[in-house]
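# Coordinates in review
Read off the chains here:
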Amino acid sequence: MNKPLVAVLSGAGISTDSGIPDYRGPNGLWRRDPEAEKLVTYDHYMHDPEIRRRSWQQRRENRTLRARPNAAHRAVVDLERSGTPVRVITQNVDGLHQLAGLPARKVLELHGTARSVVCTKCAARGPMEDALARVEAGEPDPPCLECGGILKSATVMFGERLDPVVLGEALAITKACTVFVAVGSSLQVQPAAGLAGVAADHGARLIVVNAEPTPYDDRAHEVVREPIGTSLPALLSRLADSAF
Ligand code: ZN
């Protein structure tokens, strides 16, 4: 018999133990600092070379690329290795689920990834590391090597649409899963918030693991407030052992 599918929706809270602050959330760093928000707003980025220069400097200093996965990321990998079908839908751009050992095809990155760059003209992609090495070597705003277009981080900036393909897959997984674990997400930013509702509507067992209350707590079968680094491994190992 096939084991039922577990969907894990992860937000900033799962990466806090890896030293990555919440940038994008309702109370995240970007929302509290209009100047910082400009650096990740598409129109400002595309039309202002100075914003781009500052963005590249900010990416150099950013801790995201140096961060290591923590116990919560590893717990998701353990669940997958136990033979339970798992898909991760993440609001994070840090790539830590994959770095922990989860196959990339099992991770949907709603907001893209900070580990790659993409050309805004020809859509060529490349490693962020290579682009940062060019900045380091004296190119303050390195253009695309293919076409000379403006390069940006492969993350979804404010003012950009989410990838409809990724979104469609996330929705399909949400509708198909038996258990939907929302971990470290305030569930206040779309589409993540909506997905929790869709999961519940389609009969999934909704489990919310978050330090703060979320708008979906009253629809959840289980709400966990304990620190993610210890509570998620316990929860997922319980799921791996159970027939749900
Ligand atoms: Zn290009």
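Everything that follows concerns the structure shown earlier in this document.
Here's what I pulled together on the structure shown here. Since the structure is predicted, the reported quantities are computational estimates derived from the model, not experimental observations.

### Thoughts on the side chain of Ser 10
Take Ser 10: it is sitting in strand S1 (residues 6-10). Setting aside residues no more than four positions away along its own chain, Ser 10 makes contact with Val 88, Ile 89, Thr 90, Gln 91, Asn 92, His 97 and Val 183.

### A word on the coordination of the zinc ion
In ideal tetrahedral geometry, four donors around a metal make angles of 109.5 degrees, whereas ideal octahedral geometry with six donors gives angles of 90 or 180 degrees. Listed as protein donors to the zinc ion are Cys 119 (SG), Cys 122 (SG), Cys 144 (SG) and Cys 147 (SG); their distances from the metal cover 2.3 to 2.4 Å. Metal-centred angles of 101 to 115° between the four donor atoms at the zinc ion mark the site as tetrahedral. Of note, the zinc ion draws all its donor residues from one chain, in the sequence arrangement C-x2-C-x21-C-x2-C. Taken together, the positions of Cys 119 in strand S4 (residues 112-119) and Cys 144 in the loop between helix H7 (128-136) and strand S6 (151-155) put the pair 25 residues apart, joining distant regions of the chain. Look at Cys 144 and you get buried, because its relative accessible area is 6%.

### What about the environment of Leu 236?
Counting through the fold element by element, Leu 236 comes out in helix H10 (residues 228-241). On the accessibility criterion, Leu 236 (1% relative accessible area) is buried. Considered as a pair, Leu 236 and Val 181 are 55 residues apart in the sequence and their alpha carbons are 9.2 Å apart. If sequence neighbours within four positions are ignored, Leu 236 has contacts with Ala 75, Val 76 and Leu 79.

### So, the pattern of salt bridges
Per the counting criterion, the structure on display carries twelve salt bridges. Measuring nitrogen to oxygen at the nearest pair gives 2.7 Å for the salt bridge that ties Arg 52 to Asp 141. Here Arg 52, found in helix H4 (residues 49-61), pairs with Asp 141, found in the loop between H7 and S6; they are 89 residues apart in sequence, far enough to count as distant. A relative accessible area of 9% places Arg 52 in the buried class.

### So, the pairing of S6
The buried fraction of S6 is high, at five of five residues. Here S4 runs beside S6; their pairing, made up of five bridges, is antiparallel. Considered in S6, the bridge of Thr 113 is made with Ala 154.

### Describing the layout of surface pockets
Take a probe with the size of a water molecule and roll it over the atoms, and the empty space left behind shows itself. In this structure, the largest pocket occupies an estimated 930 Å³ of space. What lines the largest pocket is a set of 49 residues, among which Ala 12, Pro 21, Asp 22, Tyr 23 and Arg 24 lie closest to the centre. Per element, the largest residue contribution to the lining of the largest pocket is three residues, and it comes from H4. Here the lining of the largest pocket is built from residues that sort into 20 nonpolar, 21 polar and eight charged.

### Focus on the packing of helix H5 (residues 71-81) against H10
Between H5 and H10, whose axes approach to 8 Å, the crossing angle comes to 10°. When the interaxial angle is binned, H5 and H10 end up roughly parallel. Between H5 and H10, the contacting residues are Ala 71, Ala 72, Ala 75, Val 76 and Leu 79 on the first element and Ile 228, Gly 229, Leu 232, Pro 233, Leu 236 and Ala 240 on the second.

### Describing the sheet that holds strand S5 (residues 125-127)
Backbone hydrogen bonds are what pair the strands of a sheet, in a parallel or an antiparallel way. Across the sheet, three strands lie side by side as S5-S4-S6; this open sheet has antiparallel pairing. The sheet is open, and its two edges are formed by S5 and S6, each paired on a single side. Averaged over all pairs of adjacent strands, the angle between their axes in this sheet comes to 40°, without regard to strand direction.

### Quick notes on the nonpolar core
Proteins that are soluble and globular tend to have nonpolar side chains buried together. Counting residues in hydrophobic clusters, the biggest one holds 25 residues, and the most contacted among them are Val 181, Val 209 and Leu 232. At the level of elements, S1, H5, strand S2 (86-90), strand S7 (179-183), strand S8 (205-209) and H10 are the ones that each hand at least two residues to this core. Broken down by element, the residue count for this core peaks at six residues, all from H10. Val 209 has contacts with Val 181, Ala 182, Val 183, Gly 184, Val 224, Ile 228, Ser 231, Leu 232 and Leu 235, leaving out every residue within four places of it along the chain. Leu 187, Leu 195, Ala 196 and Leu 206 belong to the second largest nonpolar core, which has 24 residues in total.

### Some points on H7
Buried within H7 we find Met 128, Ala 131, Leu 132, Arg 134 and Val 135. Relative to the axis of H7, the buried residues are bounded by an arc of 155° and lie together on one face. Structural note: H7 exposes Glu 129 and Glu 136 on the side pointing more than 90 degrees away from its buried face. Trailing H7 by a residue or two, Gly 138 shows a phi angle of about 115°, which is positive.

Cut-offs and rules
Residues numbered from 1 in each chain as written. Predicted model: local features only at pLDDT ≥ 70, side-chain atom pairs only at ≥ 80, totals over all residues. Heavy atoms only, no water. Helix = DSSP H or I, 4+ residues; strand = E, 2+ residues; numbered from the N terminus. Contact = heavy atoms within 4.5 Å. Donors = N, O, S within 2.8 Å, 3.2 Å for Na, K, Ca; no water. Tetrahedral: all angles 85-135°; square planar, octahedral: opposite > 155°, others 65-115°. Buried < 20%, exposed > 50% of the residue type's maximum accessible area, 1.4 Å probe, protein only. Salt bridge = Lys/Arg side-chain N within 4 Å of Asp/Glu carboxyl O. Pairing = 2+ DSSP bridges. 1 Å grid on protein atoms, 1.4 Å probe; cavity = no way out; pocket = protein on both sides within 12 Å on 5 of 7 lines; lining within 4 Å. Points joined across faces, edges and corners; volume = space filled by probe spheres on them. Nonpolar A, V, L, I, M, F, W, Y, C, P; charged D, E, K, R; others polar. Axes fitted to C-alpha atoms, helices over the stretch in contact; angles between N-to-C directions. Parallel < 35°, antiparallel > 145°, perpendicular 65-115°, else oblique. Core = buried A, V, L, I, M, F, W, Y, C linked by side-chain atoms within 4.5 Å. Arc of directions from axis to C-beta.

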